[in-house]
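Inside the fold
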Amino acid sequence: MAATQGHGNPNWTRDETILALNLYLSVGGQVPGPDDPKVIALSERLRALPVHREAVKRDTFRNPAGVAFKLQNIRQVATGSGLGNVSAMDRSTWEEFGGSPLLVQRMANAIADQVASGEAVEAEITAVADDEEFAEGRVLTALHRRRERVPKLRGLLITKRRAEGRLTCECCGAGPWSGHPEMALAGFEAHHVTPLAEYKPGAVTRLRDLALLCATCHRLIHRAINVERRWVFPAQLSEMLGMPS
Ligand SMILES: [Zn+2]
Ligand SMILES: [Zn+2]
């Protein structure tokens, strides 16, 4: 089985590891072999993920033997026995999510829904920078970005905040730039505040899901989620960075 690792196949991404972890947790620690229908189904699911376009052309890429081997690795991390070949990704994914099977299931379902719906545009996924990838993986990080970049929603959010008399960044309190009328609102962006695992299939983004942030704080909150390996809300970012609020 180890031979599947040696064919120059790319390292497992966070998304892929979450899908494998989901299968591991669902079978109660008994690791199925390459002939198991669940392993074959996961192999097909992994090969359909739009993250390794070139590698997918190879038969050995995430084939059932490779998937079964990955499940063994996860078992090694989970049980602490026979730790040989496990990757840092296996370790960190287990540390973050191994104790939360329902969360893993929700994330795996959300990743699968994205891929199945054809919505997970490959370019969006590859556009996610390393330091922006959330712990939930690139597919869901790309979904976050798509949900908050609906231009109409940003406009509606600005109109609402202006009507409420709080047209300011919800983290640092920065207001519109007053020096040039056409530039006044250019620094504002909409940020989706719902943790990724709570995304439901086909759910529509509502205004109350969005926070109005300046571009700097939006960058900072995504970075904070990446660095902290947990969801960070606007008020938490303010506190974390000592912003005036
Ligand atoms: Zn700000
Ligand atoms: Zn955001």
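Now for a quick tour of the structure. Position numbers for residues count from 1 along each chain, tracking the sequence in the order it is written. Lettering for chains starts from A, numbering for ligands starts from 1, and both go in the order in which the items are written. Confidence filtering applies because this is a predicted model: local features only for residues at pLDDT of at least 70, side-chain atom pairs given and counted only at 80 or more, and all residues used for totals across whole chains, interfaces and linings. As a rule here, side-chain values cover all heavy atoms of the structure and leave hydrogens and water aside.

On to the coordination of the zinc ion (ligand 2). Water is not part of the atom set, so a site may look incomplete; the donors themselves are N, O and S atoms within 2.8 Å of the metal, or 3.2 Å for Na, K and Ca. Here the zinc ion (ligand 2) is held by the protein donor atoms His144 (NE2), Glu148 (OE), Glu148 (OE), His191 (ND1), His218 (NE2) and His222 (NE2), which lie 2.0 to 2.5 Å from it. Note that the zinc ion (ligand 2) binds 6 donor atoms; their angles at the metal cover 55 to 164 degrees, and the shape is irregular. Ordering the donors of the zinc ion (ligand 2) by residue number gives the pattern H-x3-E-x42-H-x26-H-x3-H. With His191 in strand β1 (residues 188-192) and His222 in helix α9 (residues 215-228), this residue pair connects regions lying 31 residues apart in the sequence. The same class applies to His191 and to His222, which are both buried. Under this scheme a four-donor centre is tetrahedral when all angles range from 85 to 135 degrees, a four-donor centre is square planar and a six-donor centre octahedral when opposite donors are above 155 degrees with the rest from 65 to 115, and any other centre is irregular. Note on conventions: DSSP H or I runs of at least 4 residues are helices, E runs of at least 2 residues are strands, and numbering of each starts at the N terminus. Per-residue accessibility, obtained with a 1.4 Å probe over protein chains only, is compared with the maximum for each type, and a residue is labelled buried under 20%, exposed over 50%, and partly exposed between these values.

Now for the coordination of the zinc ion (ligand 1). In this structure, Cys169 (SG), Cys172 (SG), Cys214 (SG) and Cys217 (SG) serve as the protein donors to the zinc ion (ligand 1), at separations of 2.3 to 2.4 Å. Each of the 4 donor atoms bound to the zinc ion (ligand 1) contributes to angles spanning 103 to 116 degrees, and the resulting shape is tetrahedral. Spacing between the donor residues of the zinc ion (ligand 1) along the chain follows C-x2-C-x41-C-x2-C. No difference in accessibility class separates Cys214 from Cys217, as the two residues are buried.

The geometry of an aromatic ring pair is captured by two quantities: the separation of the ring centres and the angle between the planes. Pairing of aromatic rings covers Phe, Tyr and Trp, the last counted by its six-membered ring, and requires centre-to-centre distances within 6.5 Å; plane angles under 30 degrees mean stacked, over 60 mean edge-to-face, and any other angle means tilted. Enumeration over the complete set of coordinates arrives at 2 aromatic pairs. Seen in terms of ring centroids, Phe134 and Trp231 are 5.5 Å apart; in terms of plane orientation they differ by 85 degrees. Their pairing is edge-to-face. Note that Phe134 is positioned in the loop between α6 (122-126) and α7 (138-148) and Trp231 in the loop between α9 and α10 (234-241), a separation of 97 residues in sequence.

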